[in-house]
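Single-letter residue listing:
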Amino acid sequence: NAGVMQNPRHLVRRRGQEARLRCSPMKGHSHVYWYRQLPEEGLKFMVYLQKENIIDESGMPKERFSAEFPKEGPSILRIQQVVRGDSAAYFCASSPNQEWATEAFFGQGTRLTVV
Amino acid sequence: AQTVTQSQPEMSVQEAETVTLSCTYDTSESDYYLFWYKQPPSRQMILVIRQEAYKQQNATENRFSVNFQKAAKSFSLKISDSQLGDAAMYFCAYRSELRAFEGGSEKLVFGKGTKLTVNP
C-alpha cells in the first residue's frame, strides 16, 4: 500500500508564474489536507477536502490560492502569480473516511522556491 | 482557537540518555487528540505517538512515552535510550475530536517544533 505521494518534490518558479502541486492520497483514503511549512516554523493548515468538496478552507489565503480534489485523479493545490513569500514546503496528508480515524498520513512534501 | 506552544527551540542529548521535550496547548474543548510528529532531514512527517484526551493513561510506544497533564494542558514527550536516528525536528500537534460534520475541525494545529540533536 503506497503512502501519500506528492509531486514534484522540488519546484522552482519565477515570480508571476503559476505553481501546481499534486497529491495522491493513500489507497482507500477520501480525505485530503494541505499544510504549509515556512522556514523554521511548524506546519500551518491550509485546506481540507473530500472528493469534489472543499470542507474547510479557513487557512487558505484569500487570493491566488485554490485547491481541488476531483472525483478522479490527485488533489491539486494551485498558486497563481507566485511571489517570493510563497516559498515554503507544502505538505499533503490523507485519512480514511471512518469515524474512528484520527491519524493523518503525510506525504514527503513539495518544496516550492520562487526566484 | 487552539494554540500549541513548544518552548524549547533546540535540545540536545547524549546517546543512550533520556530527554524530555515540552509542549503546552490551549483549548476550551474537553475532547481532543494530541500528537507528537518527528520530521527528519528528509522532511517526511512521521507520527511518533498519539494521546486521546479522555484517556488518563499516558501513551507509550517503545522508547517513546508521554506525560499528559490535562488540567495543566501539558503534553511532554520522553525519549529513553536516545539513538542517533532520533535526531530530528519534533512537533507537537492538537486536533479536535469533533469531526467537521459535527461542527468541529479536523485540522492539526502544530507547535513551532523542537530541534533534537543526539550526540554520540
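See the structure above.
Note that the structure is a prediction, hence the values are computed from the model and not measured. (Residues numbered from 1 in each chain as written. Chains lettered and ligands numbered in written order. Predicted model: local features only at pLDDT ≥ 70, side-chain atom pairs only at ≥ 80, totals over all residues. Heavy atoms only, no water.)

Chemist: Give me the lowdown on the overall build of chain B, citing residues and values where you can.
Modeler: Looking only at helices and strands, one finds zero helices and 12 strands in chain B. For 120 residues, the compact-globule formula gives about 14 Å, and the C-alpha radius of gyration of chain B, at 14 Å, lands near that figure. Summarising its shape, the C-alpha atoms of chain B cover approximately 50 × 30 × 25 Å along the three principal directions. Expressed as a percentage of the 120 residues in chain B, the buried residues total 48%. If you take every contact in chain B between residues at least 6 apart in sequence, the share linking residues at least 24 apart comes to 56%. Put simply, chain B shows about 5800 Å² of open surface, and 46% of that area lies on carbon and sulfur atoms. (Helix = DSSP H or I, 4+ residues; strand = E, 2+ residues; numbered from the N terminus. Rg over C-alpha atoms; globule rule 2.2 N^0.38 Å. Buried < 20%, exposed > 50% of the residue type's maximum accessible area, 1.4 Å probe, protein only. Contact = heavy atoms within 4.5 Å. Areas by Shrake-Rupley, 256 points an atom, 1.4 Å probe, with all protein chains shown as cover.)

Chemist: Break down the packing of aromatic side chains for me, citing the residues and quoting the values.
Modeler: Applying the stated rule across the entire model yields 14 aromatic pairs over all chains. With 5.8 Å between their ring centres and 70 degrees between their planes, A:Tyr35 and A:Phe45 make a pair best called edge-to-face. Taken together, the residues A:Tyr35 in strand β4 (residues 29-37) and A:Phe45 in strand β5 (residues 43-50) connect sequence positions 10 residues apart. In this pair, the class of A:Tyr35 matches that of A:Phe45, namely buried. Members of the aromatic cluster, connected to one another through ring pairs, are A:Tyr35, A:Phe45, A:Phe106, B:Phe35, B:Tyr37, B:Phe91 and B:Phe110. (Phe/Tyr/Trp six-rings, centres within 6.5 Å; stacked < 30°, edge-to-face > 60°.)

Chemist: Give me the sheet that holds strand β1 (residues 5-7) of chain A: which residues, what numbers.
Modeler: All names here are of chain A. One open sheet accounts for four strands, arranged β1-β3-β8-β7; its pairing is antiparallel. On the outer flanks of this sheet lie β1 and β7 (65-68), each paired with one strand and no other. This sheet shows a mean twist of 15 degrees between the axes of neighbouring strands, independent of strand direction. Pairing analysis gives four bridges linking β7 to strand β8 (residues 75-79), with the strands arranged antiparallel. Pairing of Glu 68 across the sheet is with Ile 76, part of β8. (Pairing = 2+ DSSP bridges. Axes fitted to C-alpha atoms, helices over the stretch in contact; angles between N-to-C directions.)

Chemist: Lay out the pattern of salt bridges with the relevant residues and their values.
Modeler: Residues and elements named next belong to chain B. The final tally for this structure, using the stated rule, is nine salt bridges over all chains. A salt bridge links Arg 50 to Glu 52; the shortest N-O distance between them is 4.0 Å. When the shortest N-O distance is used, the salt bridge between Lys 55 and Glu 52 registers 3.8 Å. Residue Lys 55 is classed as partly exposed on the basis of its relative accessible area, which comes to 38%. (Salt bridge = Lys/Arg side-chain N within 4 Å of Asp/Glu carboxyl O.)

Chemist: Describe the state of the cysteines, listing the residues and the values that go with them.
Modeler: In this structure the tally under the stated criterion is two disulfides over all chains. A disulfide bridge connects A:Cys23 with A:Cys92, and the sulfur atoms are separated by 1.8 Å. Taking the sign of the torsion about the S-S bond as the criterion, the disulfide between A:Cys23 and A:Cys92, at about -55 degrees, is left-handed. Of the two residues, A:Cys23 sits in strand β3 (residues 19-24) while A:Cys92 sits in strand β9 (residues 88-96), which places them 69 residues apart along the sequence. The same class applies to A:Cys23 as to A:Cys92, namely buried. The disulfide bridge from B:Cys23 ends at B:Cys92, spanning 2.0 Å between sulfur atoms. (Disulfide = S-S within 2.5 Å.)

Chemist: Tell me about the interface of chain B and chain A, residues and numbers included.
Modeler: The interface is formed by 22 residues belonging to chain B together with 30 residues belonging to chain A. Our enumeration of links across chain B and chain A arrives at one salt bridge. Of the charged contacts in the structure, one is a salt bridge between B:Lys112 and A:Glu41, with a shortest N-O distance of 3.8 Å. Linking chain B to chain A there are eight residue pairs in polar contact (both at pLDDT 80 or more). When residues of the side of chain B that touches chain A are traced back to their parent elements, those giving at least two are β5 (32-39), β6 (46-52) and β10 (88-96) of chain B. The element that contributes the greatest number of residues to the side of chain B that touches chain A is β5(B), accounting for four residues. Residue composition of the side of chain B that touches chain A, by class: 10 nonpolar, five polar and seven charged. (Polar contact = N/O pair within 3.5 Å; in protein donor to acceptor, adjacent residues only side chain to side chain. Nonpolar A, V, L, I, M, F, W, Y, C, P; charged D, E, K, R; others polar.)

Chemist: How would you explain the environment of B:Gln57 if you had to name every residue and give the values?
Modeler: Summarising the element assignment, B:Gln57 is placed in the loop between β6 and β7 (60-61). Distance from B:Gln57 to B:Phe68, taken between C-alpha atoms, is 8.2 Å for residues 11 residues apart in sequence.

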